[in-house]
Amino acid sequence: MSDKKYNVAVVGANGAVGEEILTLLSEIDFPLNKLLPLASARSVGKTVTFDGKELNIVELTSDIFEKESIDIALFSAGGSVSAKFAPDAVKAGAVVIDNTSHFRMNADTPLVVPEVNPEDIAKWQQTGIIANPNCSTIQMVQTLKPLDEAYDLVRVDVATYQATSGAGKTAMEELVTQMQDFFAFKLDESEHKAFNQQIALNVIPQIDVFTENGYTKEEMKMVNETTKIMHKDIALSATCVRVPTLRGHGEALTLTFDSEVEASEVREVLSKAPNIVIVDKPEEALYPMPATCVDMNETFVGRIRNDTYSKNMIHMFIVADNLRVGAATNAVRIAQKWVEMEGQK
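Heads up: these notes are all about the structure in this document. All figures in this text were calculated on a predicted structure; none of them were measured in a lab. (Residues numbered from 1 in each chain as written. Predicted model: local features only at pLDDT ≥ 70, side-chain atom pairs only at ≥ 80, totals over all residues. Heavy atoms only, no water.)

1. Here we look at unusual backbone geometry
Next, step 1: Positioned with a positive phi, L201 is a non-glycine residue whose angle comes to about 55 degrees.
Next, step 2: Residue placement: L201 occurs in the loop between α5 (169–183) and α6 (217–230).
Next, step 3: According to the relative accessible area criterion, L201 is exposed, its value standing at 52%.
Next, step 4: The phi dihedral of R303 falls on the positive side, at around 50 degrees, and the residue is not glycine.
Next, step 5: By relative accessible area, which is 37% here, R303 ends up partly exposed. (Helix = DSSP H or I, 4+ residues; strand = E, 2+ residues; numbered from the N terminus. Buried < 20%, exposed > 50% of the residue type's maximum accessible area, 1.4 Å probe, protein only.)

2. Brief notes about the pattern of salt bridges
Next, step 1: Overall, the coordinates contain 21 salt bridges when judged by the stated rule.
Next, step 2: The salt bridge partner of R247 is D321, with a shortest N-O separation of 2.7 Å. Taken together, the residues R247 in the loop between β10 (235–242) and β11 (249–257) and D321 in the loop between β14 (313–320) and α8 (324–343) connect sequence positions 74 residues apart. One exposure class covers both R247 and D321, and it is buried.
Next, step 3: Several salt bridges share partner residues, and in doing so they unite E20, E27, R247, D295, D321 and R324 into one network. (Salt bridge = Lys/Arg side-chain N within 4 Å of Asp/Glu carboxyl O.)

3. Section: the sheet that holds β14
Next, step 1: The mixed open sheet is built from six strands, whose spatial order is β10-β9-β11-β14-β13-β12. Two strands lie at the open edges of the sheet, namely β10 and β12 (276–278), each paired on one side alone. On average, each strand axis in the sheet is tilted by 25 degrees relative to the strand beside it, whichever way the strands run.
Next, step 2: Sheet topology places β12 next to strand β13 (residues 299–306); three bridges connect them, and they run parallel. Bridge pairing links I278 to V301 in β13. (Pairing = 2+ DSSP bridges. Axes fitted to C-alpha atoms, helices over the stretch in contact; angles between N-to-C directions.)

4. Considerations on the sheet that holds strand β8 (residues 129–131)
Strand pairing in a sheet relies on backbone hydrogen bonds, with the paired strands running either antiparallel or parallel.
Next, step 1: The strand order across the open sheet built from six strands is β5-β2-β1-β6-β7-β8, with neighbouring strands paired in parallel fashion. The open sheet is flanked by β5 (58–59) and β8, the only strands paired with a single partner.
Next, step 2: Relative to strand β2 (residues 32–39), strand β1 (residues 6–11) is paired through six bridges, and the arrangement is parallel. Each bridged residue has a counterpart across the sheet, and for N7 the counterpart in β2 is K34.

5. Section: the side chain of R242
Next, step 1: Its location among the elements puts R242 in strand β10.
Next, step 2: One buried charged residue, R242, forms no salt bridge at all, with the nearest opposite charge on E218 at 6.0 Å.
Next, step 3: Among the polar contacts listed, one links the side chain of R242 to the backbone oxygen of A163, at a separation of 2.7 Å.
Next, step 4: Once residues lying within four places of it in the same chain are set aside, the contact partners of R242 are Q162, A163, T164, G166, A167, F195, I199, N202, V203, I204, I207 and H249. (Lys, Arg positive; Asp, Glu negative; His and termini not counted. Polar contact = N/O pair within 3.5 Å; in protein donor to acceptor, adjacent residues only side chain to side chain. Contact = heavy atoms within 4.5 Å.)

Below you can see the structure in the form of structure tokens.
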């Protein structure tokens, strides 16, 4: 193994996901030589915390990656930013790990969840970019992969319960403000800008815009990304719902297999899967919940049960911190795996 250390840039370092990436890089044994926090010009003068120190935010420019000899660029500042600046990072010799949807479905860009398809990281040189999947997709495919290998998965039906942080810091602030307005008896005066409906004390069965087939873009992301990541055409239908929580996406999964399957066996298979934690003692009120997954790097699975009619169907509920597992943790794990592969050359 190589003892090389890497210069890492975090684009969108002061955003919700960027802050989590910085936290994770300070928590793990990453071969870091230099960390460069990047953001737009309006953030210059602000600082971010990394490893107990305050770092000045540097302006994101087209030539910054070459100037700073960046090896790894972690992008999490929106699709338009990635579209404009990721090619500059690649041109400067960096590998880009992009957390936006901009490159995900490009045929030449690997879309990676390290627990599911780590071998695809090797394709990074085709474009210089590795895409991070959608938050709701990541925790789901982590759960699907070991079960597909064991029982041959043929269909997935999923309903999501997605936290406001999935729409960014302003969305979280909007929920908090609306709750404050509720207790001040002025919720009817409260503005909603991050969402097209009131989010406090409400659920919104729409994430992103609707497409011609009646599904939203978020729902179709789950369909298309799952196929690409798992290299398998799995019939999948999603209903994505925004709920009034701050962090942690929940998903109710109904899985149909090619053969009969027992809940106890599913529990055993998942207990051996990487970064999956079984929390499944409903008689003790122990099951996955958003409130108990915050700041955790695992996907929690519970309520595992057989269908009451079909012997080849299983139901379960899964939860993960969307800012971690659904974004920052997956991106950092990709970077770790990429470093490992580079060190083996």
